[in-house]
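# Notes for the structure review
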Amino acid sequence: MRRNILVAVCILIVAAIAFTACLDSAAEGGIPSGKISYNYHVRPILSDKCFKCHGPDLNKMEAGLRLDLPEFAFAPLKETKGAFALVPGKPEESELYKRVISTDSAIMMPTPDSHLGSLSEVETGIIKKWIEEGAVYEPHWAFVPPVKEEVPKPDPEKNTNEIDYFIQAKLKEKGLSMNEEADKERLLKRVSLDITGLPPTEALMKQFQNDASENAYEKLVETLLASPQYGEKMAVHWLDVARYADSYGYQDDNVRTQWPWRDWVIKAFNENMPYDQFVTWQLAGDLLPNPTKEQILATAFFRNHKYTEEGGVIPEEYRIEYVLDKTKTYTKGLLGLTAECAQCHDHKYDPISQKDYFSLFAFFNSTYEIGYEGDISVSKPAKNPILKLTEEELKTTLSFIHREDTGSLMVSVMGEMDTIRPTYVLNRGVYDQPTERVQPMALPVVMKYDTAQLPRNRLGLAKWTTDKKNPLTARVFVNQVWQEFFGRGLVKTSGDFGMQGELPSNPALLDWLAVDFMEHNWDIKYLVKKIVSSATYRQSAEISKEALQKDPENIYLSHAPRNRLKAEYIRDLVLSTSGLLVPTIGGPSVKPYQPQGLWENATSGRGELATYKQDKGEKLYRRGMYTFIKLTVPPPSMVLFDASNRDQCEVTRLQTNTPLQALAMMNDPTVLEASRVFAQKLVEANINAEPNIEIAFRRIICRTPGTAELKILKRYHAEQLELFRTKQLDAITTLKVGEYPQNPKLDPVAQAALMKTINLIYNMEEAIVKS
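If you're wondering where the values come from, they're calculated on a predicted model, not measured in any experiment.

Within the chain, the secondary structure is distributed over 31 helices and six strands. For 771 residues, the compact-globule estimate of 2.2 N^0.38 gives 28 Å, and the chain sits close to it at 28 Å. On the principal axes, the C-alpha backbone points of the chain span a range of 95 × 65 × 50 Å. Across the 771 residues in the chain, those meeting the buried criterion constitute 56%. Counting only carbon and sulfur atoms, one obtains 53% of the accessible surface of the chain, whose full area is about 32,800 Å². Of the charged side chains in the chain, 92 are positive and 102 negative, and the gap between their average positions amounts to 2 Å.

For the rest of this paragraph, the subject is helix α28 (residues 689–701). Between the first and last C-alpha of α28 there are 18 Å, a value that for 13 residues agrees with the 18 Å anticipated at 1.5 Å per step. A689, N692, I693, A696, F697, R698, I700 and I701 are the residues of α28 that are buried. Residues of α28 that are buried make contact with α8 (184–196), α9 (202–210), α24 (567–578), α27 (669–685), α29 (707–725) and α31 (748–762). Remark: C702 follows α28 within two positions and exhibits a positive phi of approximately 70°.

Take the side chain of E393 next. Structurally, the position occupied by E393 is in helix α17 (residues 391–395). With residues near it in sequence (within four places) discarded, E393 still touches K293, K388, L398 and S399.

What follows covers the pattern of salt bridges. The full count for this structure, using the stated rule, is 51 salt bridges. Residue R646 is joined to E568 by a salt bridge in which the shortest nitrogen-to-oxygen separation is 3.8 Å. Remark: E568 occurs in helix α24 and R646 occurs in the loop between α25 (636–640) and α26 (659–667); sequence separation between them is 78 residues. With its nearest N and O atoms 2.8 Å apart, the salt bridge here joins E568 to R653. Taken together, the positions of E568 in helix α24 and R653 in the loop between α25 and α26 put the pair 85 residues apart, joining distant regions of the chain. The pair formed by E568 and R653 is uniform in burial state, with each residue classed as buried. Three or more residues are tied together by salt bridges with common partners; here these are D240, E568, R646 and R653.

On to empty space enclosed by the protein, then. It is a probe the size of a water molecule, rolled over the atoms, that shows where empty space is left. Counted under the stated rule, the structure contains eight cavities of 30 Å³ or more. Put simply, the largest cavity is a space of about 120 Å³. Looking at the largest cavity, it is lined by 16 residues, and the ones nearest its centre are E568, I629, M638, A643 and R646. Elements that contribute at least two residues to the lining of the largest cavity include exactly α11 (229–241) and α25. In the lining of the largest cavity, the residues fall into nine nonpolar, three polar and four charged. Volume-wise, the second largest cavity comes out at about 70 Å³. Around the second largest cavity, the lining residues are K233, M234, H237, W238, F269, F477, Q480, V481 and E484.

Further remarks concern the packing of aromatic side chains. For any pair of aromatic rings, the description rests on two quantities: the centre-to-centre distance and the angle between the ring planes. Applying the stated criterion across every chain, the model contains 35 aromatic pairs. Over the face of the ring belonging to F208 we find K184, whose NZ or CZ atom lies 4.8 Å from the ring centre. For K630, the ring lying beneath its charged end belongs to W599, and the centroid distance is 4.7 Å.

Where helix α19 (residues 473–486) meets helix α20 (residues 507–519), the closest approach of the two axes is 9 Å, and the angle between their N-to-C directions is 110°. When the axes of α19 and α20 are compared, the pair comes out roughly perpendicular. Counting all contacts with α19, which are made through A474, R475, F477, V478, N479 and W482, the residues of α20 involved are L509, L510, D511, L513, A514, F517 and M518.

Turning our attention to the packing of α27 against α28. Where α27 contacts α28, the two axes come as close as 10 Å, and the packing angle between them is 135°. Taken together, the axis directions place α27 and α28 in an arrangement best described as oblique. Crossing of α27 against α28: the hand is right-handed. Contacts from F678, L682 and V683 in α27 reach N692, I695, A696, R699 and I700 in α28. Class assignment for the residues of the contact of α27 with α28 results in six nonpolar, one polar and one charged.

Another point: the nonpolar core. If you look at the biggest cluster of nonpolar residues, it comprises 183 residues, and the most contacted ones within it are W238, W261 and W264. The greatest single-element share of this core, amounting to nine residues, is contributed by α31. Apart from residues no more than four positions distant in its own chain, W264 is found in contact with M273, F278, W281, Q282, E294, L297, A298 and F400. Y38, L67, L96 and I127 belong to the second-largest nonpolar core, a separate cluster that totals 25 residues.

The next thing to look at is unusual backbone geometry. P110 follows M109 through a cis peptide bond whose omega is -10°. Residue position: P110 is located in the loop between α5 (95–100) and α6 (121–132). Here the amide bond leading from N384 into P385 is cis, since omega sits at -5°, within 30 degrees of zero. Tracing the backbone through its elements, the reader meets P385 in the loop between α16 (354–361) and β1 (386–389).

It is worth spelling out the confidence of the model for the chain at this point. Chain-level statistics for the chain give a pLDDT mean of 93 and a share of 95% at 70 or above. Per-residue pLDDT stays below 50 along residues 1–28; that stretch engages in 21 contacts with residues further than four places along the chain or on separate chains.

Position of N479 among the secondary structure elements: in helix α19. Residue classification places N479 among the buried positions, given a relative accessible area of 0%. In the structure, N479 is positioned 14 residues away from T493 in sequence and 9.6 Å away in space, judged by C-alpha atoms. When neighbours within four sequence positions are excluded, N479 is seen to be in contact with G489, L490, V491, S494, F497 and L510.

On to the state of the cysteines, then. As enumerated under the stated definition, the model contains zero disulfides in all. Lacking any disulfide linkage, C53 is separated from the closest cysteine sulfur, that of C50, by 8.9 Å. Free cysteine C344: the closest other cysteine sulfur is in C341, separated by 9.4 Å. Judged by its relative accessible area of 36%, C344 is partly exposed.

Moving on: the side chain of Q480. Here Q480 is to be found in helix α19. Side chain to side chain, Q480 and H237 meet in a polar contact 2.8 Å long. Residue contacts for Q480: discarding those within four places in its chain leaves H237, W238, V241, G333 and V651.

Turning our eyes to something else, we now look at the environment of P145. Along the polypeptide, P145 turns up in the loop between α6 and α7 (162–173). Taking the relative accessible area as the measure of exposure, P145 reaches 43% and is therefore partly exposed.

You can call Q480 buried: its relative accessible area is 1%. Within the local environment of Q480, its side chain forms a polar contact with the backbone oxygen of G333, the two atoms lying 3.2 Å apart.

Scoring rules and cut-offs
Residues numbered from 1 in each chain as written. Predicted model: local features only at pLDDT ≥ 70, side-chain atom pairs only at ≥ 80, totals over all residues. Heavy atoms only, no water. Helix = DSSP H or I, 4+ residues; strand = E, 2+ residues; numbered from the N terminus. Rg over C-alpha atoms; globule rule 2.2 N^0.38 Å. Buried < 20%, exposed > 50% of the residue type's maximum accessible area, 1.4 Å probe, protein only. Areas by Shrake-Rupley, 256 points an atom, 1.4 Å probe, with all protein chains shown as cover. Lys, Arg positive; Asp, Glu negative; His and termini not counted. Charge placed at Lys NZ, Arg CZ, Asp CG, Glu CD. Expected span 1.5 Å × (residues − 1). Contact = heavy atoms within 4.5 Å. Salt bridge = Lys/Arg side-chain N within 4 Å of Asp/Glu carboxyl O. 1 Å grid on protein atoms, 1.4 Å probe; cavity = no way out; pocket = protein on both sides within 12 Å on 5 of 7 lines; lining within 4 Å. Points joined across faces, edges and corners; volume = space filled by probe spheres on them. Nonpolar A, V, L, I, M, F, W, Y, C, P; charged D, E, K, R; others polar. Phe/Tyr/Trp six-rings, centres within 6.5 Å; stacked < 30°, edge-to-face > 60°. Lys NZ or Arg CZ within 6 Å of the ring centre and 35° of its normal. Axes fitted to C-alpha atoms, helices over the stretch in contact; angles between N-to-C directions. Parallel < 35°, antiparallel > 145°, perpendicular 65-115°, else oblique. Left-handed = near helix turned anticlockwise from the far one by under 90°. Core = buried A, V, L, I, M, F, W, Y, C linked by side-chain atoms within 4.5 Å. pLDDT = per-residue confidence, 0-100. Disulfide = S-S within 2.5 Å. Polar contact = N/O pair within 3.5 Å; in protein donor to acceptor, adjacent residues only side chain to side chain.

Given below as structure tokens:
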């Protein structure tokens, strides 16, 4: 059976590679029949093929030509007398067009030695048509404030809210239509996993199935949003953004205590803290008037970066590294920009100069954090600035922090110096090569920073970031939330809204949602409810041949996507369906089962984390988000399923399909123990295998098994039962997995056969996929 699964997975991988190749060859399409848009048709070509030498990076500019700005593109060429790169309406007189169609290596563009490749016929055709139409430039879409367009209404009968009108209008353009609503069982599993990260309980399945009222689904959504597990589910993505981990990283990689901040994030989502406030507290909670301990705790968001405890380092070099990390986390996580590309030189694609970058860097450069506080022999669980939380505070004002023992806590947070530390543009980004001094200033390409109204500190930056005129903040967060429910954002490149990022698949919808989100006071639960209440979200995942042919990636959402669960939620599903899950909210991270020797073979041998000490009892059965993350050796079962290793800000996880994932589901001690315990509990209640198999299937897959499915499972169970009865398999050995107590009164053969059957159900693709 294992060999068959491995073969099947390998076939899928080969098929996926072939399918991707087909997509790549088909992606070019033809020259648009309507008017050419600079933003949507021309800029992507110039950005890929031209901006490396003729873009925003002035240090790399060739021939004195910039093509990213019209005032330069229309100017006379400096090195070709009497010629112009662009002559509106006249492609045959435009040097740009003449050179991209040329086959003469002396004049063709891009040049052969640039290794950028020549333009395709479609691309040169787009350039020609654009010039014929006047070569009209447009500001980059992401730097223009979103506008709430009038909602299109193509087919009111098939739509439940504004999202559907925009989706339906786009589908109509593509000659596609939306699916009918998914059946109740699949819809319940989908929305329960999306809102809480957990599959529905049997009680909830029965309740929703039997509720025939018109607002049954609305009541279900409200129930799920009100559950404390909602905050845990929403927090997982934010932990990726904040690069949360339980150790310092680098060589010695010792333990730290940032988990109280994680508890605060869960609380903030559960209490539905407005996103603008959520951002402000994390950016500058310590700078608010008379800040509370909770507001200061929120700033731990920026202190989750790696921190060295290696002897012999240069403190200033590492202090600069920490500030660079904060700057990247801010720009990528909150603004969706790759500003770190301007650390060493002007950005090659986006209009962000090195001076702009270090002016932004300056906001984070005046904390009294230092680069080195001593080696691991004097390691502390937090580094200055430190927030100390007393036992009394943990019992009263900060009672949301789940403290298991008595005593105080220490958390690394932000704290401003009394005097501003001078900031300089660093030559090539090197810590000891300062050049021009700069003042704190936000990125001018995004929005002007009004120094008459805003202080030049992180609080001013927070106000600038959450200003409703800021074109990025709402768009970026709405896109990340959309990604959590549909598997990809309306902008696929969630961390890059710049020139090299992908264009929105439905720009009018993205802008409408962003403005609507701000108009409703940055209400995150409102946004989530809007998304999951839409017919777009609720539709069936069935794929028609027409949809597969016209939209193979389901970019326009003619059907619901089928996405595998995140690593944390796979663990959660296994534990919750088996009855093993300990639902405690918050608290320190835990160390569940892990292969021996991983930490020991990747350590300096010093510090508390030199050896992996597995936890016992209830700590073995906590949700995946509480698994201890050591930066140098992240949890292997999580990494196999594409979890972030948390060494830097991530806004999108990869999704791979590998044989190792199949092996993990078949052999991971947690999955095997869950299968054993599930079987044990079922046999304790009823020795009859057939109803037990049905219960297990329904609880894991979240629907009633079909006749054919049940027949296969019963046959497999009978085969296993015979193998155990005839001693070809050893029931006692099979049941010796995990630390959850066994019931010696049960028949080991009956229990082992059911355990193997349940393990087979866990290994069904549908078990860990939202369909």
